[in-house]
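# Analysis of the macromolecular model
Each chain, letter by letter, is given below.
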Amino acid sequence: MLPNFSYIRPESLKEVHRQLASDGTRVHAGGTDLLGCLHDGVFGAEKVVSLQGLKELSGIRQNGSALRIGALTTITEVERDSRVKELYPVLSQAASEVASPQLRHQGTIGGNLCQKPRCWYYRGEFHCLRKGGEKCFAIGGENQFHCILGGSRCFIVHPSDTAPALMALDAEVRIVGSKGSRMVPVAEFHVPPAEDPQRETVLEQGEIVTEILIPSPPKGMRSRYRKVRARQAWDFALAGSALTLQMEGNTVKDCRVVLSGAAPVSWRSREAEEALRGRALTEETIRKAAAAAMENARPLRENGYKISLFKGMLEEELGKLAGRG
Ligand SMILES: Cc1cc2nc3c(=O)[nH]c(=O)nc-3n(C[C@H](O)[C@H](O)[C@H](O)COP(=O)(O)OP(=O)(O)OC[C@H]3O[C@@H](n4cnc5c(N)ncnc54)[C@H](O)[C@@H]3O)c2cc1C
Ligand code: SF4
């Protein structure tokens, strides 16, 4: 059952910040994750402040050489935008893999970055470490969908499909609060549990994401998103990859290898990037890069299968970017 809360829909950013100043307030964008969290008692709210009255936060615009995506732009709009499709296929493909058509029509890109984790203990009636409790129930429990990289005290995987794609594109988010605005790279927007297991993002009380800026792609960039999941209906990633390769002939000049379904935050594999950069995209380079991506994996009792899943998926995806298959 939903708890009782007051619902406010301001028409200006200033009023949003005034309303968000008090504790116990929650931001509402499309509501696809927020309402589930409130319904399931993941957290409570005395007041819910909708962003839907802020029309300026919707839509995709060219901003000099960068593309600006307003935080209220729906996932469907991101997926279908012709500029995103043409210049940033990795983002269009990632958006197309989010949830179901209905949820993509309702859910926003800002909400996608700010959504809460999907760990079943956290979403259930367990007062785990992330909720302020003493322990992580996943460590000795059912952990087949948890992380294999970057876990520390808490072992969630980050649920967003668009975050790894945005990270592979070196995108930044604009954060606005009552004291002003700041730009933060998507790569630094989510907080790893080693830093603070009770926090998902760098947002402070009262701050919101207003837009995402993606720089123009470098010449010769190829990109792809892949999501492996247990079923073809809506589901979160068991393993996923957002890849961008800047090619010079058949040589990888620069690259980003970002994994989803692997770690508590979208995980940039510097080991895989190192194995690719400056090398011809041969089968051997690809095999070594896929192996390097998993060299620091530390699986829990039930999720060791993810290592071979990631290796196989990365070999396939890099092969496709090399023009094979
Ligand atoms: C059945 C189901 C399946 C799903 N599958 C996937 C999936 O496969 N992949 C995936 O990536 N996601 C998935 N989602 C998660 C999510 O609902 C969507 O990704 C959606 O994009 C969230 O956007 P929203 O606008 O509905 O967010 P909301 O529900 O409105 O908000 C989500 C959270 O972000 C905060 N928030 C929202 N906007 C802002 C902002 N601009 N600034 C600061 N805080 C903000 C809210 O306070 C809330 O805590 C799924 C959700 C459901 C219910
Ligand atoms: S993995 Fe994180 S969210 Fe899940 S039970 Fe452990 S501490 Fe809680």
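The structure presented is a predicted model; accordingly, all values stated were derived computationally and were not measured.

Another aspect to go through is the site of ligand 2. In the neighbourhood of ligand 2, 13 residues make up the surrounding shell, with Cys-119, Cys-128, Cys-136, Cys-154 and Phe-155 lying closest. Classifying every residue of the shell around ligand 2 gives 11 nonpolar, 1 polar and 1 charged.

Right, let's talk about the sheet that holds strand E9 (residues 221-228) for a bit. Reading across from one edge, E9-E10-E11-E12 is the order of the 4 strands in this open sheet, with antiparallel pairing throughout. Edge positions in the open sheet fall to E9 and strand E12 (267-268), since each of these has one partner strand only. As defined by bridge partners, E9 adjoins strand E10 (residues 239-248) across 8 bridges and the pair is classed as antiparallel. Opposite Arg-222, over in E10, you have Leu-245 as the bridge partner. Contacting E9 and E10, helix H5 (residues 89-96) crosses the sheet at an angle of about 15° to E9. Here helix H12 (residues 305-321) sits on the sheet in contact with E9, E10 and strand E11 (251-260), set at roughly 30° to E10.

Next up on the list: the domain arrangement of the chain. Domain boundaries in the chain define domain 1 (55-115 + 156-214) and domain 2 (221-321). Measuring from the centre of the C-alpha atoms in domain 1 to the corresponding centre in domain 2 gives 21 Å. Between domain 1 and domain 2, the residue contacts involve 26 residues of the former and 22 residues of the latter. Buried surface at the junction of domain 1 and domain 2, summed over both partners, amounts to about 2000 Å²; 61% is from carbon and sulfur atoms. On the domain 1 side of the interface with domain 2, the three residues burying the most area are Glu-97, Pro-164 and Met-167, jointly 24% of the side's total. For the pair domain 1 and domain 2, the interface holds 3 salt bridges. Between Lys-227 and Asp-161 there is a salt bridge, and its shortest N-O distance comes to 2.7 Å. Our count for the contact surface shared by domain 1 and domain 2 stands at 9 residue pairs in polar contact (both at pLDDT 80 or more). Within the residue set of the side of domain 1 that touches domain 2, elements represented by two or more residues are H5 and helix H9 (162-168). At 5 residues, H9 tops the list of elements feeding residues into the side of domain 1 that touches domain 2.

This part is about the environment of Asn-143. Structurally, the position occupied by Asn-143 is in the loop between helix H8 (120-123) and H9. Along the sequence, Asn-143 and Glu-207 sit 64 residues apart, while their C-alpha atoms lie 33 Å from each other. Beyond its immediate chain neighbours, meaning those up to four positions away, Asn-143 contacts Ala-138, Leu-300, Arg-301, Glu-302 and Asn-303. Only 3.0 Å separates the side chain of Asn-143 from the backbone oxygen of Ala-138, close enough to count as a polar contact.

Turning our eyes to something else, we now look at the site of ligand 1. Near ligand 1 lie 33 residues; those nearest to it are Val-27, Thr-32, Leu-34, Thr-108 and Asn-112. Within the contact set of ligand 1, an oxygen atom lies 2.9 Å away from a backbone nitrogen or oxygen of Ala-29. For ligand 1, an oxygen atom lies 2.7 Å from a polar atom in the backbone of Gly-30. Relative to its unbound accessible surface of 970 Å², ligand 1 loses 94% to contact with the protein. With 4 residues, helix H7 (residues 109-114) is the largest single contributor of residues to the shell around ligand 1. Lining the shell around ligand 1 are residues from two domains, each supplying at least three of them: domain 1 (55-115 + 156-214) and domain 2 (221-321).

Each value, and the rule that gives it
- Residues numbered from 1 in each chain as written.
- Chains lettered and ligands numbered in written order.
- Predicted model: local features only at pLDDT ≥ 70, side-chain atom pairs only at ≥ 80, totals over all residues.
- Heavy atoms only, no water.
- Near = heavy atom within 4 Å.
- Nonpolar A, V, L, I, M, F, W, Y, C, P; charged D, E, K, R; others polar.
- Pairing = 2+ DSSP bridges.
- Helix = DSSP H or I, 4+ residues; strand = E, 2+ residues; numbered from the N terminus.
- Contact = heavy atoms within 4.5 Å.
- Axes fitted to C-alpha atoms, helices over the stretch in contact; angles between N-to-C directions.
- Domains from an automatic or database assignment.
- Buried area = accessible area lost by both parts, 1.4 Å probe.
- Salt bridge = Lys/Arg side-chain N within 4 Å of Asp/Glu carboxyl O.
- Polar contact = N/O pair within 3.5 Å; in protein donor to acceptor, adjacent residues only side chain to side chain.
- Areas by Shrake-Rupley, 256 points an atom, 1.4 Å probe, with all protein chains shown as cover.

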